[in-house]
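Letter by letter, the chains look like this.
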Amino acid sequence: MRLKITLLKEPKHQELVSCVGWTTAEELYSCSDDHQIVKWNLLTSETTQIVKLPDDIYPIDFHWFPKSLGVKKQTQAESFVLTSSDGKFHLISKLGRVEKSIEAHCGAVLAGRWNYEGTALVTVGEDGQIKIWSKTGMLRSTLAQQGTPVYSVAWGPDSEKVLYTAGKQLIIKPLQPNAKVLQWKAHDGIILKVDWNSVNDLILSAGEDCKYKVWDSYGRPLYNSQPHEHPITSVAWAPDGELFAVGSFHTLRLCDKTGVRNVLNDAVDLLEFRDRVIKASLNYAHLVVSTSLQCYVFSTKNWNTPIIFDLKEGTVSLILQAERHFLLVDGSSIYLYSYEGRFISSPKFPGMRTDILNAQTVSLSNDTIAIRDKADEKIIFLFEASTGKPLGDGKFLSHKNEILEIALDQKGLTNDRKIAFIDKNRDLCITSVKRFGKEEQIIKLGTMVHTLAWNDTCNILCGLQDTRFIVWYYPNTVYVDRDILPKTLYERDASEFSKNPHIVSFVGNQVTIRRADGSLVHISISPYPAILHEYVSSSKWEDAVRLCRFVKEQTMWACLAAMAVANRDMTTAEIAYAAIGEIDKVQYINSIKSLPSKESKMAHILLFSGNIQEAEIVLLQAGLVYQAIQININLYNWERALELAVKYKTHVDTVLAYRQKFLETFGKQETNKRYLHYAEGLQIDWEKIKAKIEMEITKEREQSSSSQSSKSMGLKP
């Protein structure tokens, strides 16, 4: 990435240019001490004077009213606020008409900023005051007052907090009157400029100590630049939070969010475009490039004839790719296209704001689009990729904590699609995307996880967990046999990646990690788990067993055990569990294989995975009421066992007998009112009960053999 700077032979402004503001990727407004506001068009190189301000107005700061999504025509969205040295701020339309001028401060108004919803404006001045105004210019409150000038101000991502400068200090003050104020010393000189990005929640600061710094929202330092020759006078984030610009005397730098410069070496241009390139993404054998007007889709097999289509809005802020299609995000909408350039869908939900979406809050697979809500960060909206409609019954996925990062797995069937996410506590959780009318359980995979990525060819998940690099070779193990999950992991020390590393990609058996200093580190993991995934997806169980015997690693056998149970192949599961020393589970699998009917076997496989409710449903649907009662007795689920016996009017005495035996074992008396009620006048006869149980087993065996006989004769059972 490199800055492209153009200097005109004849400058359009006669005096110092004090502030600028972008309207689109190709249109810029500038204000100068010559009292002119000029519009610049980068496509046509045309400049137009919008308005000549009165001679007593000297502009200091400039900020466009934020785009209001979902409202196609809104007059105020085409306006900006201009602060000036006479103590006023001015609301000016895009056409140059001064709508209103408001007396705001004693001395110059040094900065003015709209919040992200466009519902409020904050101004700061030489008088040391921080004031909040309505969007029409009515004073709401004086948030703070201090004895030194406030040179810069920025809103927090939620528009509930304001960041401002106080000499060498940075202060974050919530709008609520009694909320805690965060303050820290940020620079050794006066702080001149701050910016707070709504996407990555990171803060930029610049000061007279000739340094620029990156902070998190708790005031913890993430990057500290080397001293420059002159004070840093301006900093600004790109809207997507990936890059920022730094300005000083005769110096303009383009930096990434880790603070690393990338301005020394020219990139090699192999492909030429008519317009300026804004975004590019290379994945799944396709290169997708967005310019200010068009989108180009190149196949890596043929670079000469790209698919080209026009963009509705030339401010693409995000490109995401999946195997079958790709996603474009611009200032107003989300669009899904095939690699042939065909428009597929455009998902929407109430209050959707595309200007703050990034790769951590949007995820794409072949069949699903997931978007974290900004209004309520505990919610993830799920959409069908082919139609853009909400998935299933239209319910969203809700978590108990705010969600920071989401990622959909990439392979397998739609019904098995999983989404992993990291919440505010840095817990890594996983859940199913399709919930089939019931709330799917959200299961925690790990704690203190900072970044994650799914593999592009199979459903293997990796993440950085505290000071460890972790690979979950088969995350679905948590739904099958959570006990052996630790045996399916690969771990190694991650201290070499230093502070705040980030996983860039997980392609094949190679993970690319970006360290805090900007350097890329590549880690190779074993290729065998991916091969095992491939064998299992093709039901090549004998090949899978041979592979595990060849590799001789516990992680492979543990993964195969879980995969076999998930796919109901208990013969392979028995071999795999024996290989990792899980003898009790081998014995349970043997007991399952000896059960008389396929329904009983299926139910006990579900029980093996902890799916008690599903196991009960399978038995009841097959008419095996006693077996459904018995599994609840075995699990000491006494309430449910009696409920089933009473409902189906069978084996009430059996339940009471086992309950009595249980209480006698522990020397306790019955206190449950329902059991006391049904036990009145009932004599427990174990001989009779055993006979009934034996009759149920015989009946099940006969039904099973009858069914098998009918099938062998080609008849329906």
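Residues numbered from 1 in each chain as written. Predicted model: local features only at pLDDT ≥ 70, side-chain atom pairs only at ≥ 80, totals over all residues. Heavy atoms only, no water.

**As for unusual backbone geometry**
Residues other than glycine seldom take positive phi values, yet A285 does so here, at roughly 65 degrees. Checked against the element boundaries, A285 lands in the loop between β24 (277-283) and β25 (286-291). The backbone phi angle of D466 is positive, close to 55 degrees, even though this residue is not glycine. Its place among the elements puts D466 in the loop between β41 (461-465) and β42 (468-472). (Helix = DSSP H or I, 4+ residues; strand = E, 2+ residues; numbered from the N terminus.)

**Observations concerning helix α10 (residues 638-648)**
Note on helix geometry: an α-helix contains 3.6 residues per turn, so any two residues three or four positions apart are oriented the same way. Among the residues making up α10, those that are buried are W638, A641, L642, L644 and A645. Viewed end-on, α10 has its buried residues packed into an arc of 160 degrees, placing them on one side of the element. Elements in contact with the buried residues of α10: α8 (612-621), α9 (625-634), α11 (652-665) and α12 (673-679). Immediately downstream of α10, the backbone of K649 shows phi near 55 degrees, a positive value. (Buried < 20%, exposed > 50% of the residue type's maximum accessible area, 1.4 Å probe, protein only. Arc of directions from axis to C-beta. Contact = heavy atoms within 4.5 Å.)

**Remarks on the pattern of salt bridges**
If you walk through the whole model with that rule in mind, you get 28 salt bridges. E103 serves as the salt-bridge partner of K88, at 4.0 Å between the closest nitrogen and oxygen. Taken together, the positions of K88 in strand β7 (residues 88-93) and E103 in strand β8 (residues 98-103) put the pair 15 residues apart, joining distant regions of the chain. Residue class for K88 comes out partly exposed when judged on its relative accessible area of 24%. We note a salt bridge from D653 to K692, for which the minimum N-O separation is 3.1 Å. Of this pair, D653 sits in helix α11 while K692 sits in helix α13 (residues 686-712); the two residues are 39 residues apart in sequence, bridging distant segments of the chain. Three or more residues are tied together by salt bridges with common partners; here these are D481, D483, K487, E582 and K585. (Salt bridge = Lys/Arg side-chain N within 4 Å of Asp/Glu carboxyl O.)

**Concerning the environment of I470**
Structurally, I470 can be placed in strand β42. Separated by 19 residues in the primary sequence, I470 and L489 place their C-alpha atoms 6.8 Å from one another.

**Some points on the sheet that holds strand β2 (residues 27-32)**
With antiparallel pairing, four strands are arranged side by side in an open sheet as β1-β2-β3-β4. Every interior strand has two partners, whereas the edge strands, β1 (17-24) and β4 (46-52), have only one. The average undirected angle you get between the axes of adjacent strands in this sheet is 20 degrees. In the sheet, β1 pairs with β2 via six bridges, with the strands oriented antiparallel. Following the sheet pairing, V17 is matched in β2 by S32. (Pairing = 2+ DSSP bridges. Axes fitted to C-alpha atoms, helices over the stretch in contact; angles between N-to-C directions.)

**Some words on the nonpolar core**
Judged by nonpolar contacts, the single largest core of 48 residues is most densely connected at F469, L532, L560 and Y577. In terms of residue count, the dominant contributor to this core is helix α4 (residues 554-566) (10 residues). Apart from residues lying up to four places away in sequence, Y577 is in contact with D481, I484, A561, V565, E582, K585, V586, I589 and F608. (Core = buried A, V, L, I, M, F, W, Y, C linked by side-chain atoms within 4.5 Å.)

**Remarks on the packing of α10 against α11**
Contact geometry for α10 and α11: axes closest at 8 Å, N-to-C directions at 160 degrees. What the angle tells us is that α10 and α11 run roughly antiparallel. Here α10 runs over α11; the crossing is left-handed. Of the residues in α11, those touching α10 at W638, A641, L642, A645 and V646 are V652, V655, Y658, R659 and F662. Class assignment of the residues belonging to the contact of α10 with α11 gives a composition of nine nonpolar, no polar and one charged. (Parallel < 35°, antiparallel > 145°, perpendicular 65-115°, else oblique. Left-handed = near helix turned anticlockwise from the far one by under 90°. Nonpolar A, V, L, I, M, F, W, Y, C, P; charged D, E, K, R; others polar.)

**Comments concerning the confidence of the model for the protein**
A residue-level look at the protein finds 91% of positions with pLDDT of 70 or above and a mean pLDDT of 85. The element-level mean pLDDT for the protein is lowest in α13, coming to 72, with helix α3 (residues 541-551) highest at 95. Predicted confidence for residues 69-75 stays below pLDDT 50, and this span has eight contacts to residues more than four positions away or in other chains. In this model, residues 712-717 is a region of pLDDT below 50 whose contacts with residues beyond four sequence positions or in other chains number four contacts. (pLDDT = per-residue confidence, 0-100.)

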